[in-house]
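Results of the structural survey
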Amino acid sequence: MIPGADDAITRDGKALILAYDHGLEHGPVDFEPVPETTDPSTVFDVGTHDAVTAVAVQKGVAEAYYPSYEDDVTLLAKLNGTSNLWMGEPDSAVNWSVDYAAEVGADAIGFTLYGGSNHEVEMAEEFRKAQEKAREHDMGVVMWSYPRGQGLKDDTSPDTIAYASRLGLELGADIAKVKYPGSADAMNWAVRSAGDMKVVMSGGSKTSDEAFLSTVREAMDAGANGLAVGRNVFQRENPEAILDGLEAVIFDDASVEEALGATAGLEASD
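Read on for an overview of the structure.

One non-glycine residue, Asp138, lies in positive phi territory at about 55°. Positionally, Asp138 belongs in the loop between helix H5 (120–136) and strand E5 (140–145). The class of Asp138 is exposed, set by a relative accessible area of 69%. A positive phi is found at Asp253, a non-glycine position, where the angle reads about 60°. Within the element layout of this structure, Asp253 appears in the loop between helix H10 (239–252) and helix H11 (256–269).

Okay, structure coming up:
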């Protein structure tokens, strides 16, 4: 971690990363609730919302679509990823280089590490190469820190998620993206375990506005630095409304009730 290295993808020390690597990781099934989101332009349009500090995509989407949005969107290059068709021990292919991501226009890189997988050692070595190359380009580094593998019985236990955030700090990430461990106390333990490195919560599967905003509020109260979210935004018919609510919670320290008021106001005006 280098202080200030993530300035391009944060605002006032907080992040709201719009993740759109789902086409590779999960497949088109994630676009079925709102079929228009199959078109990356639709999600890049959402990414121009003031609340979004970066949009995370894979190489092909960045090449094809980012040039049209480079003045309005900050690009986070998700370097590795594997399809849901892969059925082996958790692993993630490196799909583009840091040098090429910088050439395309990325201000930061994202990299998945499956701590606990039989492939953890190779993935950590790949992360080291990417992290050090990112420093040469003054790029921020975000670790998708997801413990999983045949030896893990509970990949969301408080101790496992705290270990996940600590892996980010130990290996040199500026921000670690981790799953919500189920309570504010457990999230606080994950945040404290990361030292001065930022920790953001993974958005996960779509839930109701109130349930999602309540979880984000709990994470922020526990010391989290924001959110990296995909489905809980782009699977909504009105993603701008939930982004208004998230902006209120993350950047304006609003209550859940105030944030719901922000979402309701936009939905009523449509």
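Still more ground to cover, so stick around.
Glancing now at the pairing of strand E7 (residues 198–202). Counted residue by residue, E7 has five buried out of five residues, so it is predominantly covered. For strand E6 (residues 175–178) and E7, the ladder comprises four bridges, and the chain directions are parallel. When the sheet's bridge partners are listed, Ile175 is paired in E7 with Lys198. Once you follow E6 into helix H7 (residues 184–193) and on to E7, the crossover reads as right-handed. Across two bridges, the pairing between E7 and strand E8 (residues 226–229) is parallel. Bridge pairing in E8 links Ser202 to Ala228. In this fold, E7 hands off to helix H8 (residues 209–221), which returns the chain to E8; that crossover is right-handed.

Turning our eyes to something else, we now look at the environment of Ser92. Within the fold, Ser92 resides in the loop between strand E3 (75–78) and helix H4 (98–104). Separated by 13 residues in the primary sequence, Ser92 and Leu79 place their C-alpha atoms 9.5 Å from one another. Only 3.4 Å separates the side chain of Ser92 from the side chain of Asn80, close enough to count as a polar contact. Reaching out from Ser92, the side chain makes a polar contact with the backbone nitrogen of Gly81 at a distance of 2.9 Å.

Residues Leu76, Leu79, Met187, Val216 and Leu246 are the most contacted members of the largest nonpolar core, which totals 82 residues. Broken down by element, the residue count for this core peaks at seven residues, all from H10. In this structure Leu246 touches Leu16, Phe212, Leu213, Val216, Leu227, Val233 and Phe251, once residues within four positions along its chain are discounted.

Taken together, the buried positions of H7 are occupied by Ala186, Met187, Ala190, Val191 and Ser193. End-on, the buried residues of H7 take up no more than an arc of 165°, which puts them together on one face. Residues of H7 that are exposed and point more than 90 degrees away from the buried face comprise Asp185 and Arg192. Those residues of H7 that are buried lie in contact with helix H6 (158–171), E6, E7 and H8. Trailing H7 by a residue or two, Gly195 shows a phi angle of about 60°, which is positive.

What counts, and at which threshold
Residue numbers here run from 1 along each chain, matching the order of that chain's written sequence. Local features in a predicted model are, by the rule used here, given only for residues with pLDDT of at least 70; side-chain atom pairs are given and counted only at 80 or more, and totals for whole chains, interfaces and linings are based on all residues. As a rule here, side-chain values cover all heavy atoms of the structure and leave hydrogens and water aside. Labels follow the DSSP assignment, with helices taken as runs of H or I lasting at least four residues and strands as runs of E lasting at least two, numbered in each case from the N terminus. Partly exposed residues are those whose accessible area sits between 20% and 50% of the maximum for their type, while under 20% is buried and over 50% is exposed, using a 1.4 Å probe and protein chains only. DSSP-based pairing: two strands are paired if at least 2 bridges between them are found. A right-handed crossover is one whose linking path, passing over the helix from the first strand to the second, runs clockwise when the strands point away from the viewer. We call two N or O atoms a polar contact when they sit within 3.5 Å, provided that within protein one can donate a hydrogen and the other can accept it, with sequence-adjacent residues counted only if both atoms are side-chain atoms. As used in this record, nonpolar core signifies buried Ala, Val, Leu, Ile, Met, Phe, Trp, Tyr and Cys residues forming a set joined through side-chain atoms within 4.5 Å. Contacts between residues were defined by any pair of non-hydrogen atoms, one from each residue, lying within 4.5 Å. Directions are taken from the helix axis to each C-beta atom, and the arc is the one they span.

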